[in-house]
Amino acid sequence: MKTLLITAFEPFGGEAVNASIEAVTRLPEHIGNWKLMKKIIPVVFREAAEQTITMAEALEVDAVLCIGQAAGRNKVTPELVALNLQYAAIPDNMGNCPKDSPVVKGGENALFATMPIRTMAAAITAAGLPGAVSYSAGSYVCNDIYYELLHYFKNPSVPVGFIHVPALNTMASEQTAAALEAAIAVLD
Ligand code: PCA
């Protein structure tokens, strides 16, 4: 049995809910060969990544998968790329509002997922649910945590992935959870 740290984000932007929490809390404790360790993290630049790295190290997890909400999308979208860019259109939950700052000074411009993103997206559609590979996690806190984790766990003995999910008014959380379960089930 391997352990997967799976994170969801608190609500942000003045909203009362975040679809990532609703979906992650609906996931079973075990999927295939994986035991899930669920954690809710703040929508705060850097802090979200720091908490996740601390938890991943303390629990000695085998992989890390972060889930965030992407309002306006109508599919569950595993993310292939993280950019070394912070640009916030709205402040994060601590009032940070970076405009074109690097995530990691001197870091590579972009990092690729170390989970099998295409296979995960294909598993979602094979389950009859809306899924697609995404090539941009944006430039807000979701992209920030993704880049920081990929940078930190450069040796992909701890694979890292990110999946954006639609808002609750677009996709029911049971469906979103089923899509996440299908994506996790293909992990080795
Ligand atoms: N979505 C935001 C941050 C938290 C979340 O759920 C994003 O896409 O960056």
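Rules behind the numbers
Residues numbered from 1 in each chain as written. Predicted model: local features only at pLDDT ≥ 70, side-chain atom pairs only at ≥ 80, totals over all residues. Heavy atoms only, no water. Pairing = 2+ DSSP bridges. Helix = DSSP H or I, 4+ residues; strand = E, 2+ residues; numbered from the N terminus. Phe/Tyr/Trp six-rings, centres within 6.5 Å; stacked < 30°, edge-to-face > 60°. Buried < 20%, exposed > 50% of the residue type's maximum accessible area, 1.4 Å probe, protein only.

S.K.: So what's going on with the sheet that holds strand β4 (residues 63-69)? Residues and values would help.
M.R.: With mixed pairing, the 6 strands of this open sheet are ordered in space as β2-β3-β1-β4-β10-β5. Whereas interior strands pair on both sides, the edge strands pair on one side only; in this sheet they are β2 (30-31) and β5 (77-78). Pairing of strand β1 (residues 2-9) with β4 involves 4 bridges; the strand directions are parallel. Note that in β4 the partner of T7 across the bridge is C66.

S.K.: Which residues make up unusual backbone geometry, and what are the values?
M.R.: Of note in this structure, E60 is not a glycine but carries a positive phi near 50°. Here E60 is to be found in the loop between α2 (47-59) and β4. The residue D100 is not glycine, and still its phi comes out positive at about 60°. Structurally, D100 can be placed in strand β8 (residues 99-101).

S.K.: Which residues make up the packing of aromatic side chains, and what values go with them?
M.R.: Summed over all chains, the structure comprises 4 aromatic pairs. Ring centres of Y146 and F162 lie 5.6 Å apart, and the angle between their planes is 45°; on these two criteria the pair is classed as tilted. Remark: F162 occurs in strand β10 (residues 160-165) and Y146 occurs in helix α4 (residues 141-152); sequence separation between them is 16 residues. Judged by relative accessible area, F162 falls into the buried class, the value being 0%. Grouping aromatic residues by their ring pairs yields a cluster made of F12, F45 and Y140.

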